[in-house]
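Here is how the chains run, residue by residue.
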Amino acid sequence: MADNVKPKVRVPKTAAAGEAITLKTLISHPMESGQRKDDAGNLIPRSIINRFTCEFNGQSVIDVSMEPAISTNPYFEFEATVPEAGTFTFTWYDDDGSVYTESQDIAIG
């Protein structure tokens, strides 16, 4: 697991039941395609976040497969409907087997 990989999420603290809210995520990651060379001319190994998921109370909200063409520090913004109070769980899967997870609660108010 790379020390410099930092996920960030933005979820409203409250929403009305049934309201569509906007979720924002950003993960600091170099997203190395495996096609660039270092100063010595050696290929830099591929290292990308290859999948991103979001769940709400265990139910899938979004599931994205990513390819090497995704830019550094992948950012996602999407909407989700909030049927009840609960927890959003965001998960990023790295080529090296690392998994990064952030969770954030939302209340009905």
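The following paragraphs examine the structure supplied in this document.

1. Comments concerning the overall build of the chain
Looking only at helices and strands, the chain features zero helices and eight strands. When the helices and strands of the chain are read in sequence order from the N terminus, they spell out β-β-β-β-β-β-β-β. Oriented by its inertia axes, the alpha-carbon framework of the chain measures out at about 60 × 20 × 20 Å. Carbon and sulfur atoms form 47% of the exposed surface of the chain, whose accessible area is close to 6400 Å². Each charge class in the chain can be summarised by its mean position, and for the 9 positive and 16 negative side chains these summaries are 6 Å apart.

2. Some details on the side chain of Asp 94
Of note, Asp 94 is situated in strand β7 (residues 86-94). It is Arg 46 that comes nearest to the buried, bridge-free Asp 94 among opposite-charge side chains, at 8.1 Å. The contact partners of Asp 94, leaving out residues within four places of it in the chain, are His 29, Ser 47, Ile 48, Ile 49, Asn 50 and Tyr 100.

3. So, the sheet that holds strand β3 (residues 19-28)
Reading across the sheet, the three strands line up as β1-β3-β6 and stay open at both edges, with antiparallel pairing between neighbours. The open sheet has two edge strands with one neighbour each: β1 (6-10) and β6 (75-82). For this sheet the average axis-to-axis angle between neighbouring strands, irrespective of direction, equals 20 degrees. As paired elements, β3 and β6 share eight bridges and run antiparallel to each other. Looking at β6, one finds that Ile 21 is bridged to Ala 80.

What counts as what
Residues numbered from 1 in each chain as written. Predicted model: local features only at pLDDT ≥ 70, side-chain atom pairs only at ≥ 80, totals over all residues. Heavy atoms only, no water. Helix = DSSP H or I, 4+ residues; strand = E, 2+ residues; numbered from the N terminus. Areas by Shrake-Rupley, 256 points an atom, 1.4 Å probe, with all protein chains shown as cover. Lys, Arg positive; Asp, Glu negative; His and termini not counted. Charge placed at Lys NZ, Arg CZ, Asp CG, Glu CD. Buried < 20%, exposed > 50% of the residue type's maximum accessible area, 1.4 Å probe, protein only. Salt bridge = Lys/Arg side-chain N within 4 Å of Asp/Glu carboxyl O. Contact = heavy atoms within 4.5 Å. Pairing = 2+ DSSP bridges. Axes fitted to C-alpha atoms, helices over the stretch in contact; angles between N-to-C directions.

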